[in-house]
Amino acid sequence: MPEADRDDVRDWSEDMAHLVDPVVTPQTVARGLRGRRRIVEYFGHLAAERRRAPGDDILSGLIRAETEGDRLTSDELLSAAALLVVAGHETTANMIANGMFALLRHPGRLELLRSSSGTGLMPSAVEETLRYDGPAQAVGRRAPTDLELHGVRVPRGSRLVLSLGAANRDPDGFPDPDRFDVTRPDNRHLALSGGAHFCVGAPLARMEATIAFIALLRRHPRPNSPPSPAGAGARACAACANYACGSGP
């Protein structure tokens, strides 16, 4: 997308992302729906421009797939474009912020990661960031058949809300689950979901987080620790603000 449009798209994306918050107000829902409408309208206009003058960008590639192989309808094209922006940007940005916040709150782990040879611990640190405080805490699903879970009957077609955050702190799956451990072995978290719903952007998100963490640790080898957050909503902002300038507001 043109650089001049990025601030608007980011704002719409943030409003839309709040639709999946655990608790939402009518005002949040209204802003989220408005953001979704604006994003769809925006990419509708941008897709029309790319049809007239294709480029080497992702949207042009999706359009070529639509016209050459009849594989994407117009609705599918717009859905894919919106998904790339909202899911591809919001979650990764928040993962990086949450990861840096966790490292700043655990200076021993930060020092261990900073002093490790090359990027030896970085893949493990990225996975622990995803497990410990992933950007998506819950997902919605629909029961494909009649189910019974822990004695509770779930009729076919029921809408379910699955807590990824709770699963990633399950003591049966993770020893000492509330401990942030960048050396944690066999980290089979569900932050990126799984099976048919596994995040299609997982390799890119992991690569982006790795690059960001390495760059930030090199730029600020001795960052200040942030204050305790007022709540989950302040977590990402606190991490970014304190790390980027080295001292915080």
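Calculation criteria
Residues numbered from 1 in each chain as written. Predicted model: local features only at pLDDT ≥ 70, side-chain atom pairs only at ≥ 80, totals over all residues. Heavy atoms only, no water. Helix = DSSP H or I, 4+ residues; strand = E, 2+ residues; numbered from the N terminus. Expected span 1.5 Å × (residues − 1). Buried < 20%, exposed > 50% of the residue type's maximum accessible area, 1.4 Å probe, protein only. Axes fitted to C-alpha atoms, helices over the stretch in contact; angles between N-to-C directions. Parallel < 35°, antiparallel > 145°, perpendicular 65-115°, else oblique. Left-handed = near helix turned anticlockwise from the far one by under 90°. Contact = heavy atoms within 4.5 Å. Nonpolar A, V, L, I, M, F, W, Y, C, P; charged D, E, K, R; others polar. Patch = residues over 30% accessible without salt bridge, like charges linked within 9 Å, V, L, I, M, F, W, Y side chains within 5 Å. Areas by Shrake-Rupley, 256 points an atom, 1.4 Å probe, with all protein chains shown as cover. Salt bridge = Lys/Arg side-chain N within 4 Å of Asp/Glu carboxyl O. Core = buried A, V, L, I, M, F, W, Y, C linked by side-chain atoms within 4.5 Å. pLDDT = per-residue confidence, 0-100. Phe/Tyr/Trp six-rings, centres within 6.5 Å; stacked < 30°, edge-to-face > 60°. Lys NZ or Arg CZ within 6 Å of the ring centre and 35° of its normal. Polar contact = N/O pair within 3.5 Å; in protein donor to acceptor, adjacent residues only side chain to side chain.

### Observations concerning helix α2 (residues 26–52)
Item 1. An ideal rise of 1.5 Å per residue puts 39 Å on 27 residues; α2 measures up with 40 Å between its terminal C-alpha atoms.
Item 2. For α2, the set of buried residues is Thr 28, Gly 32, Gly 35, Ile 39, Tyr 42, Phe 43, Leu 46, Ala 47 and Arg 50.

### Re the packing of helix α4 (residues 74–105) against helix α8 (residues 202–219)
Item 1. Packing of α4 against α8 leaves a shortest axis separation of 10 Å and a crossing angle of 40 degrees. By the angle between their directions, the pair α4 and α8 is classed as oblique. Handedness of the crossing formed by α4 with α8: right-handed. In this structure, α4 uses Thr 92, Met 95, Ile 96, Gly 99 and Met 100 to contact α8, whose residues at the interface are Ala 205, Glu 208, Ala 209, Ala 212, Phe 213 and Leu 216.
Item 2. When grouped by side-chain class, the residues that make up the contact of α4 with α8 number eight nonpolar, two polar and one charged.

### Notes on a nonpolar patch on the surface
Item 1. On the surface, a nonpolar cluster with roughly 300 Å² of combined accessible area is contributed by Leu 204, Met 207 and Ile 211.
Item 2. Along the polypeptide, Met 207 turns up in helix α8.
Item 3. What makes Met 207 partly exposed here is its relative accessible area of 47%.

### Considerations on the side chain of Thr 129
Item 1. Along the chain, Thr 129 falls in helix α6 (residues 122–133).
Item 2. In this structure Thr 129 touches Met 95, Gly 99, Gly 134, Phe 180 and Phe 213, once residues within four positions along its chain are discounted.

### So, the nonpolar core
Item 1. Core analysis: the biggest nonpolar cluster contains 25 residues, and Leu 103, Leu 113, Met 122 and Phe 213 have the highest contact counts within it.
Item 2. No other element matches the seven residues that α8 contributes to this core.
Item 3. What Phe 213 contacts, discounting residues up to four positions off in sequence, is Met 95, Ile 96, Gly 99, Met 100, Met 122, Val 126 and Thr 129.
Item 4. Membership of the second largest hydrophobic core comes to 18 residues, among which are Met 16, Ile 39, Tyr 42 and Val 85.

### Things to note about the confidence of the model for the protein
Low-pLDDT stretches of the model should not have their predicted coordinates read in fine detail.
Item 1. Per-chain confidence: the protein averages 82 in pLDDT, with 86% of residues scoring 70 or above.
Item 2. For the protein, helix α9 (residues 235–245) is the element with the lowest average pLDDT, namely 32, and α6 is the one with the highest, namely 95.

### A closer look at the pattern of salt bridges
Item 1. Within the structure shown, the criterion is met by 13 salt bridges.
Item 2. Taking the shortest distance from any N to any O, the salt bridge between Glu 41 and Arg 38 comes out at 4.0 Å. Placement of both Glu 41 and Arg 38 in helix α2 is noted, with a separation of three residues, approximately one turn of the helix.
Item 3. For Arg 109, the salt bridge is made with Asp 181, and the minimal N-O distance between the two is 3.5 Å. Taken together, the residues Arg 109 in helix α5 (residues 107–115) and Asp 181 in the loop between α7 (164–167) and α8 connect sequence positions 72 residues apart.
Item 4. Taking relative accessible area as the criterion, Arg 109 reaches 22% and is therefore assigned partly exposed.
Item 5. Three or more residues are tied together by salt bridges with common partners; here these are Arg 109, Asp 176, Arg 179 and Asp 181.

### Some details on the packing of aromatic side chains
Item 1. Counting across every chain of the model gives three aromatic pairs.
Item 2. For the pair Tyr 42 and Phe 43, a centre-to-centre distance of 5.2 Å together with 80 degrees between the ring planes defines the contact as edge-to-face. Grouping residues by exposure puts Tyr 42 and Phe 43 together as buried.
Item 3. Here the aromatic cluster, defined as three or more aromatic residues joined through ring pairs, consists of Trp 12, Tyr 42 and Phe 43.
Item 4. In this structure, Arg 131 packs its charged tip against the face of Phe 174, placed 5.3 Å from the ring centre.
Item 5. One cation-aromatic arrangement involves Arg 169 over Tyr 132; the distance from NZ or CZ to the ring centre is 4.4 Å.

### Brief notes about the side chain of His 189
Item 1. Of note, His 189 is situated in the loop between α7 and α8.
Item 2. Here the side chain of His 189 touches Glu 127 through a polar contact of 2.6 Å, side chain to side chain.
Item 3. Discounting residues that sit within four places of it in the chain, His 189 has contacts with Glu 127, Leu 130, Arg 131, Asn 168, Phe 174 and Arg 206.

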